[in-house]
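# A closer look at the structure
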Amino acid sequence: MQGFSQAADNNKAAILAVLAEWLPNQTKLLEIGSGAGQHAIHLAAALNHVLWQPSDREIVLPALTSNIDEYGPANILGPITLDLAAHTWPAQTYNCVYAANVMHIVSSELGENLIRRAAKVLTDEGLLALYGPFKYAGDFTTPSNADFDLWLKERDAQSGVRDVEWILDLATHAGLRLVEDRQMPANNQMLIFQKTAD
Ligand SMILES: C[S@@+](CC[C@H](N)C(=O)[O-])C[C@H]1O[C@@H](n2cnc3c(N)ncnc32)[C@H](O)[C@@H]1O
């Protein structure tokens, strides 16, 4: 597999357990920032009632597409370009938008884009699932997440572990309500939001 990530491999089983609970029925899912496609391949294979649409920036597409072609099950669609900076979102609706380890990588402006645009493409009662490290009222959940935040910012000053309260505020304004905040292994959280009917 091109671009294999040990971290993505380590957390895929725990993520599957949560998504399996929240996505029991036929689901059209859009993944943002699929990376090498490890989650897409594993999760779609286990959740064969989910039609999984991977996406990422243009530069990532060749490796992502090659991995999906080689290892993906039949219910994964060909990856599409979706750049949070370029507003290249598909003109379709989805029952779930899933983004793992993206909110702390992209700038806060692009994180806002993710939440606002996700809310627009979700069907009524559709779910936004955000996985990764988060902080609460400015406090890191662990010293290692504080170190990780410093490391991220040294690499790119616009990156950083985000406050759940900031995300909650954006989500509320976008018509999404928090339905679960689950603690995950390795100091991560899964935040699940549901779109409220207009
Ligand atoms: C840390 S990786 C996470 C990959 C995968 N989701 C995982 O959990 O292993 C962050 C991902 O965000 C993507 N990303 C960065 N900037 C982006 C942007 N402007 N629009 C969409 N995705 C972006 C990167 O290409 C990368 O695949």
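Fair warning: this is a prediction, and the values are worked out from it, not measured in the lab.

## Details of the packing of aromatic side chains
With the rule as written, the count across this model stands at two aromatic pairs. A ring pair is formed by Trp52 and Tyr98, whose centres lie 5.7 Å apart and whose planes are at 65 degrees; its orientation type is edge-to-face. With Trp52 in strand β2 (residues 50-53) and Tyr98 in strand β5 (residues 94-100), this residue pair connects regions lying 46 residues apart in the sequence. By relative accessible area, Trp52 is classed as buried at 0%. Geometrically, the ring pair formed by Phe148 and Trp151 is stacked, given 5.9 Å between the ring centres and 15 degrees between the ring planes. Of the two residues, Phe148 and Trp151 both sit in helix α5 (residues 143-155), three residues apart, roughly one turn of that helix.

## Concerning the side chain of Ser55
With respect to the secondary-structure elements, Ser55 resides in strand β3 (residues 55-56). For Ser55, a relative accessible area of 0% gives the class buried. Within the structure, Ser55 has its side chain in polar contact with the backbone oxygen of Glu31 (distance 2.6 Å). Not counting residues within four places of it along the chain, the set of residues in contact with Ser55 comprises Leu30, Glu31, Ile32, Gly33, Ser34, Leu64, Ile80 and Leu82.

The rules behind these values
- Residues numbered from 1 in each chain as written.
- Predicted model: local features only at pLDDT ≥ 70, side-chain atom pairs only at ≥ 80, totals over all residues.
- Heavy atoms only, no water.
- Phe/Tyr/Trp six-rings, centres within 6.5 Å; stacked < 30°, edge-to-face > 60°.
- Helix = DSSP H or I, 4+ residues; strand = E, 2+ residues; numbered from the N terminus.
- Buried < 20%, exposed > 50% of the residue type's maximum accessible area, 1.4 Å probe, protein only.
- Polar contact = N/O pair within 3.5 Å; in protein donor to acceptor, adjacent residues only side chain to side chain.
- Contact = heavy atoms within 4.5 Å.

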